[in-house]
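Structural description and commentary
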Amino acid sequence: MPSPFGLLAELTYACPLHCPYCSNPLDMAAYRDELDTGQWQRVLAEARELGVLQLHLSGGEPLQRRDVVDIVRSAHDLGMYTNLITSALGLSAQRAEQLRAAGLDHVQISLQAHEAGASDRIAGTTSFQRKIAGAHLVKELGWPLTLNVVLHRLNIDGIADVLALAERLGADRIELANTQYYGWARRNRDALLPSREQLDRAEVVVRAARERLAGRMEIIYVLPDYYGQPPKPCMGGWGHRQLTVAPNGDVLPCPAAQELPLPRANVQEHPLSWIWSESPVFQRFRGTDWMGEPCRSCARRDVDFGGCRCQAFLLTGDASRTDPVCTLSPDHELVAEAVRAANSDQPVEAVLTPRPHPRDTASRADD
Ligand code: SF4
Ligand code: FES
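A quick note: this is a predicted structure, and the numbers were derived from the prediction, not measured.

1. Regarding the domain arrangement of the chain
- Along its sequence, the chain is organised into domain 1 (6-227) and domain 2 (234-330).
- Taken over C-alpha atoms, the centre of domain 1 sits 23 Å from the centre of domain 2.
- At the junction of the two partners, domain 1 supplies 24 residues and domain 2 supplies 23 residues.
- Contributions of two or more residues to the side of domain 1 that touches domain 2 are made by β1 (6-10), α1 (37-50) and α7 (183-187).
- Of the residues in the side of domain 1 that touches domain 2, the class split is 13 nonpolar, five polar and six charged.

2. Overview of the UniProt feature "binding site: [4Fe-4S] cluster" (unreviewed entry) in the chain
- The UniProt record annotates "binding site: [4Fe-4S] cluster" (unreviewed entry) at Cys15, Cys19 and Cys22.
- Relative to the elements of secondary structure, cysteine 15 occurs in the loop between β1 and α1.
- Note on cysteine 15: 25 C-beta atoms within 10 Å, which makes it buried.
- Leave out the neighbours within four places in its chain, and cysteine 15 touches Gly59, Gly60, Glu61 and Gln64.
- As for its position among the elements, cysteine 22 is in the loop between β1 and α1.
- Overall, cysteine 22 belongs to the buried group, with 24 C-beta atoms counted inside 10 Å.

3. Topic: the environment of glutamate 34
- Looking at where glutamate 34 falls in the secondary structure, it is placed in the loop between β1 and α1.
- Expressed as a C-alpha distance, the spacing of glutamate 34 and arginine 95, which sit 61 residues apart in the sequence, is 22 Å.
- For glutamate 34, the contacting residues outside a window of four places in its chain are Thr12, Pro247 and Asn248.

4. With respect to the sheet that holds β1
- One open sheet holds the nine strands; their spatial order is β7-β6-β5-β4-β3-β2-β1-β8-β9, and the pairing between them is mixed. Strands with a single pairing partner mark the edges of an open sheet, and in this sheet they are β7 (218-222) and β9 (251-252).
- Where strand β6 (residues 173-178) meets β7, five bridges bridge the pair, whose relative direction is parallel. Note on β7: the bridge partner recorded for alanine 177 is valine 222.
- The sheet strands contacting helix α5 (residues 128-140) are β4 (106-111) and β5 (145-151), and the helix crosses β4 at an angle near 160°.
- With respect to the sheet, helix α6 (residues 159-169) is in contact with β4, β5 and β6, its orientation differing from that of β6 by roughly 155°.

5. Digging into the environment of arginine 210
- Along the chain, the position of arginine 210 falls in helix α9 (residues 196-212).
- Taking the C-alpha atoms as reference, arginine 210 lies 13 Å from alanine 166; in sequence the two are 44 residues apart.

6. Quick word on the confidence of the model for the chain
- Model confidence for the chain is summarised by a mean pLDDT of 92, while 96% of its residues fall at 70 or above.
- Scored below 50 in pLDDT, residues 360-367 makes six contacts in the model with residues more than four places away or belonging to other chains.
- Both confidence scores are given for the complex: pTM 0.92, ipTM 0.90.

7. Brief notes about the pairing of β1
- Relative to strand β2 (residues 54-58), β1 runs parallel, the two sharing five bridges. Across the sheet, glutamate 10 pairs through a bridge with serine 58, a residue of β2.
- Of the strand pairs in this sheet, β1 and strand β8 (residues 242-245) are connected by four bridges, and their pairing is parallel. By the bridge assignment for β8, alanine 9 is matched with valine 245.

8. Let's talk about the environment of alanine 166
- Here alanine 166 shows up in helix α6.
- Accessibility expressed as a C-beta count within 10 Å gives 25 for alanine 166, which makes it buried.
- Taking the C-alpha atoms as reference points, alanine 166 and threonine 146, 20 residues apart in sequence, are found 9.0 Å from one another.
- Look past the residues within four positions of alanine 166 in its chain and what remains in contact with it is Leu147, Ala171, Ile174 and Met217.

9. Quick look at the packing of α1 against helix α2 (residues 68-77)
- One way to put it is that α1 packs onto α2 with a least axis distance of 10 Å and a crossing angle of 20°. Taken together, the axis directions place α1 and α2 in an arrangement best described as roughly parallel. The crossing of α1 and α2 is right-handed. Each of Thr37, Trp40, Gln41 and Leu44 in α1 lies in contact with α2, whose residues at this interface are Asp70, Ile71, Ser74 and Ala75.
- Looking at the contact of α1 with α2 residue by residue, the class counts come to four nonpolar, three polar and one charged.

10. Looking at helix α13 (residues 309-316)
- The element α13 is largely enclosed, with a buried count of seven among its eight residues.
- Listed in full, the buried residues belonging to α13 are Arg309, Cys310, Gln311, Ala312, Phe313, Leu314 and Leu315.
- Buried positions along α13 lie against α7 and α14 (332-343).
- At the C-terminal side of α13, glycine 317 shows a positive phi close to 85°.

Reading the values: rules and limits
Residues numbered from 1 in each chain as written. Chains lettered and ligands numbered in written order. Predicted model: local features only at pLDDT ≥ 70, side-chain atom pairs only at ≥ 80, totals over all residues. Domains from an automatic or database assignment. Contact = placed C-beta atoms within 7 Å. Helix = DSSP H or I, 4+ residues; strand = E, 2+ residues; numbered from the N terminus. Nonpolar A, V, L, I, M, F, W, Y, C, P; charged D, E, K, R; others polar. UniProt positions renumbered as here; feature names shortened; annotations may be inferred. Buried ≥ 20, exposed ≤ 12 C-beta atoms within 10 Å, placed from the backbone. Pairing = 2+ DSSP bridges. Axes fitted to C-alpha atoms, helices over the stretch in contact; angles between N-to-C directions. pLDDT = per-residue confidence, 0-100. Parallel < 35°, antiparallel > 145°, perpendicular 65-115°, else oblique. Left-handed = near helix turned anticlockwise from the far one by under 90°.

Okay, here's the thing in structure tokens:
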């Protein structure tokens, strides 16, 4: 049994932004009952005992939790490396100093585009200037700064400007990650999937920037799965190195697995060690025994583990099928069709659905 290395703590799905590519679950109202501070601290202690060394604090927006400083301090005291994944909304100078004093090691700030108009339009709220202020604050306090820009059809043509902005901000690292089609992004896929031409242009820009900024800024560029071949070894394999704890305490092998019809395992009912090593949700797709054809007899089965379980489920309704991204999958046409539409002369006119605020969904659910 491998030990988990990283824990993604989704402290809350509350978020001031409304990005249409959000991978949070569609039914956010189901996650209103969040773990309290003491429960999170217990989870962290159990995670450390299991071997977890890296803690990624995410959401939603983790700064929406009043106790984020206490949670960081606990993780730091346990000897974990702590990374805050944030929109920077809520990162005041005072809060940043408290987080620094509590031992926070690293900050990752999301940007939606290189300038306020496009960025605020995609975020669904006025936020760009506060993100820039947050990035300056991170540098002033001496943290390493990573910028994360989710790429899609509506912003990928501005990738050179995004890189120039990252350089001006003194970012140490930038993640240019094409949208993963889970949650709200799956709903908006046809409006978000870029064309091959857009990707080719972006790759030229990334290659040149990597050469120019070598040794100064690390540039991570992630292709959209739909254009990637062979499929990615999602999460490095199901239940292999990573675990995710959702705001309500559900523990999952990956952040998108909430949508899969699998038995739940919650930290309020079971120790983390049992969930990791024995729970049905972690055992279901561990290793390769669960595979059917064509993966079962494929030479790459120990390399990519049949691709992404969540993608297989979202596209075919069956999480145990080969990821349709794979050209050997009998369902590959589902991906090929979406790619053809994104590259046609008349791409599908799709309307973006903004991710709602969880409180909006909560009040609708109560009505
Ligand atoms: Fe990977 Fe399965 Fe495709 Fe082989 S058939 S490349 S194991 S997804
Ligand atoms: Fe869940 Fe790939 S995102 S297994």
